[in-house]
Each structure stands twice: as C-alpha cells, then as structure tokens.
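# Understanding the architecture of this molecule
One letter stands for each residue in the lines below.
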Amino acid sequence: MTIPKLLVLGTGGTIAGAARSATGKSYGAGEVAIESILADIAKLGLEVELEPRTIARIGSQDIGWKEWDALHAAIADAQSDDSITGVIVTHGTDTAEETAYLLDLTLAAGKPVVLVGAMRPADAVGADGMRNFANAVRVASDADAGERGVMVVMGDTVFAASDVRKAATSNVDAFRGFPRGPIARVTPSSLDWFAPAHRVNTDARYPWPETLPRVAILTAGAGMDEKPVEALLGIGCKGIVIAGMGQGNAPRTVLGALEAAVQSGVPVVRSARVDEGMVDRNVEVDDDARGFVAARALGPAKARILLMVLIASGITDAASIQAAFDRP
Ligand code: GLU
C-alpha cells in the first residue's frame, strides 16, 4: 500500500495556540510552528507522510488577501503535483468558513482540501487539536474525498464549505452546517460519508481574482437609520451585504438607502442576522422592485465572500448575482 502524502499549510489559529497554562483562559493564536504540531502528530503513528509549509502564524481574524492568495497558489500547485494526495490547512476557527468557501469557489475539485482547527489551545487540558488533525488526515487521505470541494473538519464531523459556520464562541462542538448538516462523521480510524460526492468533475467555478473588492456587511438593528449605508457608500464599498432581521428585513429608511445604492451601481444582498435559515426573494421586501439579491442559504459572512468573488469576476447585475446565490 502506498502511504498518502499530504501537504500541510499552516496559518495559525488556536490549533497552533499556546496558553502556557493547562487551565487558563487567555492564549496566543498561531504561536506554535506547524513543524512542531507535526512532530506531535508523528507520535500518533498515522500511516501518512506530512509535508509542512508555513503560510502565516496568525489568528484568523487577521486573515486576508495576502494569506488567501498564498493558500490558493499552494493548493493549486499541489493539485497538479501527482505525488500529493491531498491538502490540510490548519486555520483559526473564527473565519474558517470564509477561507473554506473562498477556496471552494475558486479551486477545481479533484483532490481533498480540508481546513482544520481547534477550540482549545494545544497546551490546554482537553485540547481538541490533535484529534481534529488526526481526523483531517483521515479525510484528506480518503479516495472518496476529492470531489466534495473544500471541507472543514471539527470535532468528529465533516462539513462542506458552502454549509459550514461557527455557531458558538467557545464550545468544542462549535460548528454547524446549513442547509446540509455534516456530510460525514470521522474518527482517526473511521470515515462515514452521508451522501454521494457533490462536486464530481467540476472545474473552478470562478477564476482566482487579481484582488478582492471592498464589500461590507451591515447588520440591521431596530431604530437604525440610513446613515450607516451612506457611510459605506462614502468609503467606496463596491457591494453591501445587509445582515437583516428575520428573513433579511431592515427598517424602511435603510431599505430606501440600499435601493439608492443599487441605483448607483452597488449591488445589495439581503442575508439574515438570524443564526440559520433561508432568505428568499420578495417575502416582505420587494426585491424585484428594489433590485436586491436574496442570499438564500448563505449567511452574511459567506454571502460577502460570494459577492466579492462575483464582483471581481465582473458579475454585477442583480439577476446574474441572484443566479449565483441560488446555486451556491
Ligand atoms: N481567534 C482565533 C482564530 O480564529 C482563535 C480562535 C480559534 O482558532 O478557535 O484564529
């Protein structure tokens, strides 16, 4: 049997976090080098060859274009390298959904790409990083994992990039999926897929952009007025995602300002500040009349990623943006 070789791209996060106390609360994300994490993994005796590369050593709240560009290039290279079976990206959990979805939209399917993180730093009592990593190895080595797009492995659970979100600030069981829940259960010695592969023979859906436009998320609140929308237009936002109440609602005055934004050529996507659920067209807001796009199953963070990629690809009219959100 050939031993799988996995490229491991380190970006930081709590999986590489050091608290210097097994019981303390505060810690620094990204302090542990990827080589040192892999030295600990080697003690588990997994049948795998791991090739480490450092992309960054940061908390994922600081991730952005520079790290995404480096990650995309490294993964695209690994996809065309016959010696590499799959890719694992160690990542902070705060923005794992954004990086996973951005890569999923812009990479071809074919080889497993797995983001993995941890909720507890490596030196905390009950640290979850080693098990999560061992699970990620299991997924990234699996012959049936390549055509499922980018995935996030947390706990003993596998999520697809378009579904996953961080739903709890500190529980170990912090991730949820919508509209699909987990697509597989995994342990270091078992992997059970719940459905057939969903990205069979698919090319990258969008080209890797030269840069990403400024797109802001604006959370709607009761009693809010139009000024925050005007401020976003004033700083040159190229798109706005409203994290609206309920099914993507916002006060009348805010909707009016957003409609003016659309008329000035700035696309507006209505998503929900509610934790989970669909935002459909023309429920309480007349999207047809106002020129808005409904985010459908995507929450605000992933809606922003898709809107940035669409605008970067020159897709700016509401009907074409809506078509992309209808099939995320
Ligand atoms: N805020 C840090 C990050 O996202 C730590 C959170 C975590 O990794 O769980 O990188």
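Structure's up top.
Calculation criteria
- Residues numbered from 1 in each chain as written.
- Predicted model: local features only at pLDDT ≥ 70, side-chain atom pairs only at ≥ 80, totals over all residues.
- Heavy atoms only, no water.
- Helix = DSSP H or I, 4+ residues; strand = E, 2+ residues; numbered from the N terminus.
- Buried < 20%, exposed > 50% of the residue type's maximum accessible area, 1.4 Å probe, protein only.
- Contact = heavy atoms within 4.5 Å.
- Areas by Shrake-Rupley, 256 points an atom, 1.4 Å probe, with all protein chains shown as cover.
- Lys, Arg positive; Asp, Glu negative; His and termini not counted.
- Charge placed at Lys NZ, Arg CZ, Asp CG, Glu CD.
- Phe/Tyr/Trp six-rings, centres within 6.5 Å; stacked < 30°, edge-to-face > 60°.
- Lys NZ or Arg CZ within 6 Å of the ring centre and 35° of its normal.
- Pairing = 2+ DSSP bridges.
- Axes fitted to C-alpha atoms, helices over the stretch in contact; angles between N-to-C directions.
- Left-handed = near helix turned anticlockwise from the far one by under 90°.
- Nonpolar A, V, L, I, M, F, W, Y, C, P; charged D, E, K, R; others polar.
- Salt bridge = Lys/Arg side-chain N within 4 Å of Asp/Glu carboxyl O.
- Near = heavy atom within 4 Å.
- Polar contact = N/O pair within 3.5 Å; in protein donor to acceptor, adjacent residues only side chain to side chain.
- Arc of directions from axis to C-beta.

### As for the overall build of the chain
Along its length, the chain carries nine helices and 14 strands. On the principal axes, the C-alpha backbone points of the chain span a range of 60 × 45 × 35 Å. Per-residue burial for the chain yields a buried fraction of 52% across its 328 residues. For the chain, the share of sequence-separated contacts (at least 6 apart) that also reach a separation of at least 24 residues comes to 72%. Accessible surface, the chain as shown: approximately 13900 Å² in total, 50% of it carbon and sulfur. Positive and negative side-chain charges of the chain, numbering 31 and 40 respectively, have mean locations separated by a distance of 3 Å.

### What about the packing of aromatic side chains?
What the rule picks out here adds up to one aromatic pair. Aromatic side chains Trp65 and Trp208 sit 5.3 Å apart centroid to centroid with 10 degrees between the ring planes, which places their arrangement in the stacked category. Pair noted here: Trp65 is in helix α2 (residues 65–79) and Trp208 is in the loop between β10 (190–193) and β11 (215–219), with a separation of 143 residues, a long-range link. Arg148 extends its terminal NZ or CZ atom over the ring of Trp193, reaching a point 3.8 Å from the ring centre.

### Section: the sheet that holds strand β13 (residues 268–272)
Taking strand neighbours across the sheet as the criterion, the four strands line up as β11-β12-β13-β14 in an open arrangement whose pairing is parallel. Across the chains shown, the open sheet's two edge strands, defined by having one partner strand only, are β11 and β14 (293–294). When strand β12 (residues 239–244) meets β13, the two strands line up parallel, connected through five bridges. When the sheet's bridge partners are listed, Ile240 is paired in β13 with Val268. Here helix α5 (residues 227–234) sits on the sheet in contact with β11 and β12, set at roughly 170 degrees to β11. Seen against the sheet, helix α8 (residues 300–312) touches β11, β12 and β13 and runs at an angle of roughly 165 degrees to β12.

### Some remarks on the packing of helix α3 (residues 96–106) against α8
Contact geometry of α3 with α8 gives a least axis separation of 9 Å together with a crossing angle of 35 degrees. In this structure, α3 meets α8 at a crossing whose hand is right-handed. Judged by residue contacts, Glu97, Glu98, Tyr101, Leu102 and Leu105 of α3 engage Ala301, Lys302, Arg304, Ile305, Leu306 and Val309 from α8. Classifying every residue of the contact of α3 with α8 gives seven nonpolar, no polar and four charged.

### With respect to unusual backbone geometry
Phe178 connects to Pro179 through a cis peptide bond whose omega is 0 degrees. Its location among the elements puts Pro179 in the loop between β8 (175–177) and β9 (184–187). The backbone of Asn201 sits at a positive phi, close to 55 degrees, despite the residue not being glycine. Turning to its location among the elements, Asn201 is positioned in the loop between β10 and β11. Judged by relative accessible area, Asn201 falls into the exposed class, the value being 67%. Of note, Asn282 is a non-glycine position whose phi angle comes to about 55 degrees, a positive value. The topology assignment puts Asn282 in the loop between β13 and α7 (287–290).

### With respect to the pattern of salt bridges
The final tally for this structure, using the stated rule, is 21 salt bridges. Note that Lys5 and Glu51 form a salt bridge whose closest N and O atoms lie 3.2 Å from each other. In this pair, Lys5 is assigned in strand β1 (residues 5–12) and Glu51 in strand β2 (residues 49–58), connecting sequence segments 46 residues apart. Owing to a relative accessible area of 17%, Lys5 belongs among the buried residues under this scheme. Look at the salt bridges and you will find they share partners, linking Asp104, Arg199 and Arg205 into a network.

### A look at the site of the ligand
Surrounding the ligand, one finds Gly13, Thr14, Tyr27, Gly59, Ser60, Gln61, Gly92, Thr93, Asp94 and Ala118. Gln61 is positioned with one of its side-chain polar atoms (N or O) 2.8 Å from a nitrogen atom of the ligand. In the model, a nitrogen atom of the ligand is placed 2.6 Å from a nitrogen or oxygen of the Asp94 side chain. In terms of residue class, the shell around the ligand is made up of two nonpolar, seven polar and one charged.

### Focus: helix α1 (residues 34–42)
Buried residues of α1: Ile34, Ile37, Leu38 and Ile41, and no others. Down the axis of α1, the buried side of the element spans an arc of 95 degrees, and every buried residue falls inside it. Residues of α1 that are buried make contact with β1, β2, β3 (86–90) and α4 (129–140).

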